[in-house]
Amino acid sequence: ENTIKLSNGNLEFQNSPTLSNSSSLSVESGELIFQSGASISGSSLDFTSSIFKPSGTVSLVSSSNFMFDSDSSVVLEGDTTISDDMGSFSWPSLDLNGNTLTLASNITDMSVEGAMSIGTGESLNSGTSNLSLNSTLAIDEGGTLLSGSGQVQIGGALTLDGDLVQG
């Protein structure tokens, strides 16, 4: 079992790293940046008071998982696709940061606990996934929430100035 522990710093991968065979990447009070995606197999990403900054395709297979404490967050570094054969995950908060997040078809359920906004030029494409936004959601003019056959549940108030496209 391989463990990478990062405290109070930034770990940035320019190329797409592969974590496999019970690797654990633990980030505390830091940032984990994937510039070109990552392939994670049978491993876990564990965040404590940290920021996950993905870009590209981040693929989780073979019981890999995300673990976040409530003080951690996800801020997209670039357009990102998340694939997860476990089927479901939850993020404490999500900042699209001017980018697009796409959920792959193998994700059945995704939830975001904190308040969320989708600004101009940003989009969240949940596709066939059931998306639960458990706080408020603001979609600004030029922002898009696109869902296919998946359900979207919004736990708080919705402010809609942009596009909410179902199906």
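Above: the structure in question.
Note that this is a predicted model, so its numbers are computed, not measured.

Broken down by element type, the chain carries zero helices and 24 strands. A compact globule built from 167 residues should have a C-alpha radius of gyration of about 15 Å, and the chain, at 15 Å, falls within 12% of that. Projected onto the principal axes, the alpha-carbon positions of the chain cover approximately 45 × 30 × 25 Å. The buried share among the 167 residues of the chain stands at 46%. Considering only contacts within the chain whose residues lie at least 6 apart along the sequence, 12% involve residues at least 24 apart. Summing over all exposed atoms, the chain offers an accessible surface of approximately 7,300 Å²; the carbon and sulfur share of this is 40%.

Let us look at the nonpolar core. Ranked by internal contacts, the top residues of the largest apolar core, which has 35 residues, are Leu45, Phe52, Trp91, Leu94, Leu101 and Met110. The residues touching Leu45, leaving out its near neighbours within four places in the chain, are Leu19, Leu25, Leu32, Phe34, Ile40, Phe52, Asn65, Phe66 and Met67.

Before going further, it helps to examine the pairing of strand S19 (residues 130–133). Within a regular strand, side chains alternate between the sheet's two faces. Inspection of the sheet shows strand S16 (residues 109–112) paired to S19 by four bridges, in the parallel sense. Paired with Val112 across the two strands is Leu133, which belongs to S19. Where S19 meets strand S22 (residues 152–154), three bridges bridge the pair, whose relative direction is parallel. Note on S22: the bridge partner recorded for Leu133 is Ile154.

The grouping of Leu158, Leu160 and Leu164 at the surface amounts to a nonpolar patch, some 240 Å² of accessible area in total. Residue position: Leu164 is located in strand S24 (residues 163–166).

Here we take up the pattern of salt bridges. Taken as a whole and judged by the stated rule, the model has one salt bridge. Of the charged contacts, one joins Glu31 and Lys53 as a salt bridge, the two residues approaching to 3.2 Å between their closest N and O atoms. In this pair, Glu31 is assigned in strand S5 (residues 31–34) and Lys53 in strand S8 (residues 51–53), connecting sequence segments 22 residues apart. By relative accessible area, Lys53 is classed as buried at 18%.

Let us look at the sheet that holds strand S15 (residues 100–103). A sheet is described by the order of its strands in space; here eight strands give the open sequence S3-S6-S9-S12-S15-S18-S21-S24, paired in parallel fashion. Both edges of this open sheet fall to strand S3 (18–20) and S24, since each of them pairs with a single strand only. Each neighbouring strand pair of the sheet contributes to a mean axis angle of 10°, computed without reference to strand direction. As judged from the three bridges shared by strand S12 (residues 80–84) and S15, these two strands associate in the parallel manner. Each residue of the ladder has a partner; that of Thr81, found in S15, is Thr102.

Cut-off values and rules
Residues numbered from 1 in each chain as written. Predicted model: local features only at pLDDT ≥ 70, side-chain atom pairs only at ≥ 80, totals over all residues. Heavy atoms only, no water. Helix = DSSP H or I, 4+ residues; strand = E, 2+ residues; numbered from the N terminus. Rg over C-alpha atoms; globule rule 2.2 N^0.38 Å. Buried < 20%, exposed > 50% of the residue type's maximum accessible area, 1.4 Å probe, protein only. Contact = heavy atoms within 4.5 Å. Areas by Shrake-Rupley, 256 points an atom, 1.4 Å probe, with all protein chains shown as cover. Core = buried A, V, L, I, M, F, W, Y, C linked by side-chain atoms within 4.5 Å. Pairing = 2+ DSSP bridges. Patch = residues over 30% accessible without salt bridge, like charges linked within 9 Å, V, L, I, M, F, W, Y side chains within 5 Å. Salt bridge = Lys/Arg side-chain N within 4 Å of Asp/Glu carboxyl O. Axes fitted to C-alpha atoms, helices over the stretch in contact; angles between N-to-C directions.

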